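Next come the chains, spelled out residue by residue.
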Amino acid sequence: MDLFEQILRRHPPPWGDVLDAGTGASSWDWLLKQTCRSRTGVTAEEPRAQALRARPGVGPQDQVLVGLWQDPTLLENRRFEVVLGDYLLGACDRYAPHFQEEMIERVVSKCSGWLFLIGLEPLPFPTNPGQTCLFEVAQMRDAVQLLLGNRPHRELPQAWVERHLVARGARIAWKERYHNLYDAGWVAREVASLEQNLQLLEDRGLAQVLRRRCHGLRQTAAETLSKPVSYSYDYLLGVDCR
Ligand SMILES: C[S@@+](CC[C@H](N)C(=O)[O-])C[C@H]1O[C@@H](n2cnc3c(N)ncnc32)[C@H](O)[C@@H]1O
């Protein structure tokens, strides 16, 4: 059973008004399949919003807003029976560094029923060669983002999120963990997207050195990840905001 199936099992639809607080193709498409009064998606990115508005199944009662959670007028006077925060907190640093605590507060304040928070536990230090390769790929991906002047994702530990929810007076009714499996195919996809980003680097010499490193990572992945390796986990929190 995956994370979304778990939500359906615990809280079967129909639902009232639903908020996808950090929307994207996977969460929006899933919500479009669920019976509810209306769906509202929030994203910081205009191109993403445009693509989601055009998905099959979007009705007149649904809307995708471009806005920032740091804007106090975002969704002013609106509350939702179901709120989904699907990998939202980990992406927060890209738009609002160190705003995660307030983001939790704002998102909780929009919920009159159930809040479902999904996150990735930050990668722990590796303990085997497969994990070492995965860790190095993730470090390279983030390093290239920094070199390009962007802020990479910053995942938050489950314990941190729980602590801040409880400090805000929220009640965590249930929680689940899903251990993640990675293989050489995952490395190939990450490294390919990383190489695309390297084309944007102005320092061509540096880009060349990093491309060699990408090649090395692919080789290491072939040696250490021929079988999928378990590394870190996704967590799902069911928060009772009634
Ligand atoms: C990693 S994506 C979420 C994945 C998404 N649920 C999916 O199905 O693909 C993070 C989303 O949260 C949004 N986001 C992150 N920080 C934000 C902020 N401070 N204000 C508004 N939206 C934010 C991003 O624009 C994006 O739409």
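The preceding data block contains the structure.
Conventions adopted
- Residues numbered from 1 in each chain as written.
- Predicted model: local features only at pLDDT ≥ 70, side-chain atom pairs only at ≥ 80, totals over all residues.
- Helix = DSSP H or I, 4+ residues; strand = E, 2+ residues; numbered from the N terminus.
- Rg over C-alpha atoms; globule rule 2.2 N^0.38 Å.
- Buried ≥ 20, exposed ≤ 12 C-beta atoms within 10 Å, placed from the backbone.
- Contact = placed C-beta atoms within 7 Å.
- Near = placed C-beta within 6 Å.
- Nonpolar A, V, L, I, M, F, W, Y, C, P; charged D, E, K, R; others polar.
- Pairing = 2+ DSSP bridges.
- Axes fitted to C-alpha atoms, helices over the stretch in contact; angles between N-to-C directions.

Enquirer: Mind laying out the overall build of the protein, listing which residues take part and the relevant values?
Expert: Scanning the protein for helices and strands turns up 9 helices and 7 strands. Over its C-alpha atoms the protein spans a radius of gyration of 19 Å, differing by no more than 12% from the 18 Å that the globule rule assigns to 242 residues. Projected onto its principal axes, the C-alpha positions of the protein cover 50 × 35 × 35 Å. A burial count over the protein gives 29% of its 242 residues as buried. The long-range share in the protein, meaning contacts at least 24 apart out of those at least 6 apart in sequence, stands at 76%.

Enquirer: Kindly report on the site of the ligand, identifying the contributing residues and their values.
Expert: By nearness alone, 21 residues border the ligand, and Gly22, Gly24, Ser26, Thr43 and Asp86 come closest of all. Looking at which element gives the most residues to the shell around the ligand, the answer is helix 2 (residues 25-32), with 3 residues. Taken together, the residues of the shell around the ligand sort by class into 11 nonpolar, 7 polar and 3 charged.

Enquirer: Which residues make up the sheet that holds strand 7 (residues 229-240), and what values go with them?
Expert: Working definition: the strands of a sheet are paired by backbone hydrogen bonds and lie parallel or antiparallel to each other. Strand order in the open sheet formed by 7 strands is 3-2-1-4-5-7-6, with mixed pairing between adjacent strands. Only two strands of the sheet have a single partner each, and these edge strands are strand 3 (63-66) and strand 6 (171-182). Adjacent strand axes in the sheet meet at a mean angle of 15°, parallel and antiparallel pairs treated alike. Here strand 1 (residues 15-20) runs beside strand 2 (residues 36-43); their pairing, made up of 5 bridges, is parallel. Considered in strand 2, the bridge of Leu19 is made with Thr40. Its contacts with the sheet put helix 1 (residues 3-10) on strand 5 (111-120), strand 6 and strand 7, and the angle it makes with strand 7 is roughly 30°.

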